[in-house]
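What the coordinates show
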Amino acid sequence: MAMDKTAADAYTYARASGILAKSFVGSKARELFAVHTLQELWTLVIRTEVPAVPETLLARELEKAAQTNFINQFKNLIGTYSNPSRILISLLNFYDYDNVKEIGAALCFNEKEMPDIIDTAPYSLVDYSKWPDIKAMTSGGPLSWYDTVPAVSEQQSDDHRLDCQFVQTLISSLRHDGSACSQDLEDLFIEKYQFENILWALRLKIFYGMDESEIKGHLAYEKGEGRRDRLAGAALKILDWPVDDHEKWKKWTHADLLNPYVDGEIWSVDPRWMANAYSRRFVGRATRLFHQYPLTVCPLVCWYIIKQHELENIRTASECIRLNASVDDALAVAGLSEVNNG
């Protein structure tokens, strides 16, 4: 039942705090990597009877169940409010954007059944009951431009447009909120998307050999202002830096997130190391903000961030079990070799 805002803020803060106390993040995430089978992982995370399915399917079912639990908890928390903040709805709508990508790809390849989607009702941007009519599914909402089945050659550009639209909508909703925490949250998300652009640019440069002109078309922009753009500018500025020049990189704004340099050894920027280091920082900042603004929208935004991080930990643990990775290797892959919420 929806409450007035003051009561809802107090209730959701207490409820969200209780859920986080049981979540597999921070030092508690190590529990995920202490089990040795997917059946044990299911019992630890889902806490229901383990389905009688092959192991390859069990991994998928585990991730789906964890995702569904997360989404349902978030929708229940949002439902406490009679008029939920736009930022909360925008966060949930991330999954509508993702669903549309999956639906577009399925229709492109003439699949007859709708792919598994993440149910965002009653906050959906898409009318999933209208499958397979993509125009009817997206009609009347912010995704109405996605009204035809993309050709294979069009999927990447359409997916990029969806990504940019989601990020722009999310940032706009933060500005609209106007609560005491909105500036801190905006700063948090601006840095997140800046760093995601940096990592994506480095991966495209290092692993795919793309040049600057190619990479530019794959970044998320706020306004498309090149190096002045708040989201893409930081990535564009480093595109011509040699990835093995530590003298150059050690003066970088985010030098504290670089993989270690050992004198006399060959060094090169390691995007995976940087991703793990940034993830710890991002989640750590969200954790601090969760407690800093208890009676605002901030705790639920930060709860969403922390619980998404938990999902990544669960996926990593599941994959490491399937690959029979050692505990040390699994913790390293998850970025948990040194748990640090700072």
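Here we summarise the structure given alongside this text.

Conventions and cut-offs
Residues numbered from 1 in each chain as written. Predicted model: local features only at pLDDT ≥ 70, side-chain atom pairs only at ≥ 80, totals over all residues. Heavy atoms only, no water. Phe/Tyr/Trp six-rings, centres within 6.5 Å; stacked < 30°, edge-to-face > 60°. Helix = DSSP H or I, 4+ residues; strand = E, 2+ residues; numbered from the N terminus. Buried < 20%, exposed > 50% of the residue type's maximum accessible area, 1.4 Å probe, protein only. Lys NZ or Arg CZ within 6 Å of the ring centre and 35° of its normal. Expected span 1.5 Å × (residues − 1). Salt bridge = Lys/Arg side-chain N within 4 Å of Asp/Glu carboxyl O. Contact = heavy atoms within 4.5 Å.

Notes on the packing of aromatic side chains
Under the definition given, this model contains 17 aromatic pairs. Consider the rings of phenylalanine 94 and phenylalanine 166, whose centres lie 5.4 Å apart with planes at 65°: the pair is edge-to-face. Taken together, the positions of phenylalanine 94 in helix H4 (residues 86-108) and phenylalanine 166 in helix H6 (residues 152-177) put the pair 72 residues apart, joining distant regions of the chain. For phenylalanine 166, a relative accessible area of 8% gives the class buried. Seen from their ring centres, tryptophan 145 and tyrosine 146 are 5.5 Å apart, and the 55° between their planes marks the pair as tilted. Overall, the relative accessible area of 2% leaves tyrosine 146 in the buried class. Across the ring face of tryptophan 145, the terminal group of arginine 161 is positioned such that the distance to the ring centre comes to 3.8 Å.

Examining helix H12 (residues 298-322)
Under the 1.5 Å per step criterion, the end-to-end length of H12 is 37 Å for 25 residues, consistent within 8% with the ideal 36 Å. Burial within H12 is extensive, with 20 of its 25 residues counted as buried. Phi turns positive, to about 60°, at asparagine 324, one or two residues after H12.

Focus on the pattern of salt bridges
Taken as a whole and judged by the stated rule, the model has 21 salt bridges. Arginine 230 is the salt-bridge partner of glutamate 186, the closest N and O atoms lying 2.9 Å from each other. Of the two residues, glutamate 186 sits in helix H7 (residues 182-208) while arginine 230 sits in the loop between helix H8 (212-216) and helix H9 (233-237), which places them 44 residues apart along the sequence. A relative accessible area of 32% places arginine 230 in the partly exposed class. Among the charged side chains, a network of salt bridges with common partners joins Arg60, Glu61, Lys64 and Asp116.

A closer look at the environment of tyrosine 193
On the secondary structure map, tyrosine 193 appears in helix H7. By relative accessible area, which is 8% here, tyrosine 193 ends up buried. Separated by 26 residues in sequence, tyrosine 193 and leucine 219 place their C-alpha atoms 9.6 Å apart. Among residues more than four places away in sequence, those in contact with tyrosine 193 are Phe166, Val167, Leu170 and Leu231.

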